[in-house]
Amino acid sequence: MPDPERPEGPGGYDPVGPRPHEAVSPTGQGGPMDLALEEAESVEGIERDGPPGGTGPGEKPRSLWSDAWHQLRRNPVFIISSLMILFLVIISIWPQLIASGDPLQCDLSKSQQGSSPGHPFGYDTQGCDVYTRTVYGARASITVGVCATLGAALLGSLLGGLAGFFGGWGDALLSRVADIFFGIPVVLGGLVFLSVVTSTTVWPVVGFIVLLGWPQIARIGRGSVITAKQNDYVQAARALGAGNSRMMLRHVAPNAIAPVIVVATIALGTYIALEATLSFLGVGLRPPTVSWGIDISNAASQIRNAPHMLLWPAGALSLTVLAFIMLGDAVRDALDPKLR
């Protein structure tokens, strides 16, 4: 029996639609009613099963770091560079795994001789095995690069983070000091600073690189902290009474550290090349320390007579720097959503 309060359109069509207690069934005629029902079922299925390729209702959303790791595992550049770096780290810690000789044991009767059985890279001017010295040279370069990067990253991120968070005169003072260090030429500063040092260890070189490397990371960290502290969740934490230390450690630092990691990873390869440059000029690492820069410096004058003396340590240095730069590029692409 028709409802007097609900008008019917032509052909029995109800313009008001079904009441909540009435069931809706398709008409089977492919009209607007059936199309609307299909769209409603599709939306209901998405809400029930979750969006395609996303996390379901029972799964926890991925954070920035887990999402970055998810991207890195599928990046061939990251895999290749990581394997290269892992190999370099292993031989720098245990060089005797692939080189059984002594890098300081030389025989002048074999000076500048080429490849021979058991000595695939030949000999240098002093009659030392080039292969053994190339393998052992990774230890000094990796040590300088890793220690200098850690020191510059810790010092720069600490000073830059505090200056960006608190601002004021401390921020202005840090900016002016950083500008002073940016104005010092790296090679010229190394010649002046390291020429008065008589130590043959790696620590003077590490200290010099940290001294000139922290301003770059400090400026990156300062900008990241300034951006992060303006987010809504930081303002909400401040409104709820959170202290400066809690906001800095719990909310600002985890969201501002990504650019610092990217810059530090790329800078590691640059620091290795800088150590080799200073050693080549005679003010970096010095004998009896085994270094690629020292071997390249000794081989430069004999490049026409014995090119193998220069080829192998220079090639090892180039591959090492390339591996760290590739790793930094892969990490940057994973941590920056705008580059995906």
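How each quantity is defined
- Residues numbered from 1 in each chain as written.
- Predicted model: local features only at pLDDT ≥ 70, side-chain atom pairs only at ≥ 80, totals over all residues.
- Heavy atoms only, no water.
- Helix = DSSP H or I, 4+ residues; strand = E, 2+ residues; numbered from the N terminus.
- Contact = heavy atoms within 4.5 Å.
- Phe/Tyr/Trp six-rings, centres within 6.5 Å; stacked < 30°, edge-to-face > 60°.
- Buried < 20%, exposed > 50% of the residue type's maximum accessible area, 1.4 Å probe, protein only.
- Polar contact = N/O pair within 3.5 Å; in protein donor to acceptor, adjacent residues only side chain to side chain.
- Axes fitted to C-alpha atoms, helices over the stretch in contact; angles between N-to-C directions.
- Left-handed = near helix turned anticlockwise from the far one by under 90°.
- Nonpolar A, V, L, I, M, F, W, Y, C, P; charged D, E, K, R; others polar.
- Salt bridge = Lys/Arg side-chain N within 4 Å of Asp/Glu carboxyl O.
- Patch = residues over 30% accessible without salt bridge, like charges linked within 9 Å, V, L, I, M, F, W, Y side chains within 5 Å.
- Areas by Shrake-Rupley, 256 points an atom, 1.4 Å probe, with all protein chains shown as cover.
- pLDDT = per-residue confidence, 0-100.

Q: Let's hear about the overall build of the protein chain: which residues, and what values?
A: Of the regular secondary structure elements, the protein chain holds 11 helices and zero strands. Within the protein chain, contacts between residues separated by at least 24 positions form 65% of all contacts whose residues are at least 6 apart in sequence.

Q: Before we move on, could you go through unusual backbone geometry and cite the residues and values that matter?
A: Looking along the chain, the bond that leaves Pro287 and enters Pro288 is cis, with omega of 10 degrees. The topology assignment puts Pro288 in the loop between helix 9 (244–280) and helix 10 (292–300). Of note in the backbone geometry, Gln112 takes a positive phi value of approximately 65 degrees without being a glycine. Relative to the helices and strands, Gln112 is located in the loop between helix 3 (76–93) and helix 4 (130–166).

Q: Quick one: what's the story with the packing of aromatic side chains, residue by residue and with numbers?
A: Any aromatic ring pair is given by two values, namely how distant the centres are and how the planes are angled relative to each other. Applying the stated rule across the entire model yields six aromatic pairs. With a centroid separation of 6.1 Å and 90 degrees between ring planes, the pair formed by Trp69 and Phe78 is classed as edge-to-face. The exposure class assigned to Trp69 is partly exposed, which follows from its relative accessible area of 45%. Ring geometry for Phe121 and Trp312: centres 3.9 Å apart, planes at 5 degrees, overall stacked.

Q: Hey, could you go over the side chain of Glu275 for me, with residue numbers and the actual values?
A: When you line up the elements, Glu275 lands in helix 9. Separated by 2.9 Å, the side chains of Glu275 and Ser279 make a polar contact. Setting aside residues no more than four positions away along its own chain, Glu275 makes contact with Ser141, Val144, Val205, Leu285 and Ser291.

Q: Kindly report on the environment of Leu274, identifying the contributing residues and their values.
A: Here Leu274 shows up in helix 9. Along the chain, Leu274 and Gly293 lie 19 residues apart, while their C-alpha atoms are 9.4 Å from each other. Discounting chain neighbours no more than four positions away, the residues touching Leu274 are Val186 and Ile209.

Q: Any chance you could break down the environment of Ile257 for me, citing the residues and the numbers?
A: With respect to the helices and strands, Ile257 occurs in helix 9. Counting along the chain gives 96 residues from Ile257 to Gly161, while the straight-line C-alpha distance between them is 9.4 Å.

Q: Give a description of the packing of helix 10 against helix 11 (residues 308–335) that names residues and reports values.
A: Think of two packed helices as two axes; the pair is described by the angle between the axes and how far apart they sit. The contact between helix 10 and helix 11 brings their axes to 9 Å, and the two run at 145 degrees. Between helix 10 and helix 11 lies a crossing whose hand is left-handed. Between helix 10, through Trp292, Asp295, Ile296, Asn298 and Ala299, and helix 11, the contact on the second element is made entirely by Met309, Leu310, Pro313, Ala314, Ala316, Leu317 and Thr320. Of the residues assigned to the contact of helix 10 with helix 11, the class counts are nine nonpolar, two polar and one charged.

Q: Break down the environment of Ile209 for me, citing the residues and quoting the values.
A: Inspection of the secondary structure puts Ile209 in helix 7 (residues 203–228). Through-space distance from the C-alpha of Ile209 to that of Cys147 is 9.6 Å; in sequence the pair is 62 residues apart. Here Ile209 is in contact with Val144, Ala148, Tyr271 and Leu274, once residues within four sequence places are set aside.

Q: Any details on the pattern of salt bridges? Residues and values, ideally.
A: Applying the stated criterion across every chain, the model contains six salt bridges. A salt bridge links Arg332 to Asp329; the shortest N-O distance between them is 3.8 Å. With a gap of three residues between them, Arg332 and Asp329 both fall in helix 11, about one helical turn apart. The class for Arg332 is partly exposed, based on a relative accessible area of 35%. Classification of Asp329 by relative accessible area gives partly exposed; the value is 27%. The structure contains a network of salt bridges with shared partners spanning Arg176, Asp179 and Arg219.

Q: Before we move on, can you summarise a nonpolar patch on the surface with the specific residues and values?
A: A contiguous nonpolar patch, built from Ile79, Leu83, Leu86, Phe87, Val89, Ile90, Ile93, Trp94, Leu97 and Ile98 and spanning about 910 Å² of accessible area, is present on the exposed surface. Counting through the fold element by element, Ile98 comes out in the loop between helix 3 and helix 4. Since its relative accessible area comes to 35%, Ile98 is described here as partly exposed.

Q: Please set out the confidence of the model for the protein chain residue by residue, giving values where relevant.
A: On average, residues of the protein chain score 81 in pLDDT, and 80% of them reach the 70 mark or higher. Mean pLDDT across the secondary structure elements of the protein chain bottoms out at helix 1 (residues 32–49), with 45, and peaks at helix 3, with 94. A low-confidence stretch, residues 17–25 (pLDDT under 50), is modelled with eight contacts involving residues beyond four sequence positions or located in other chains. Low pLDDT, under 50, characterises residues 30–54; the predicted model gives this stretch 13 contacts beyond four residues in sequence or across chains.

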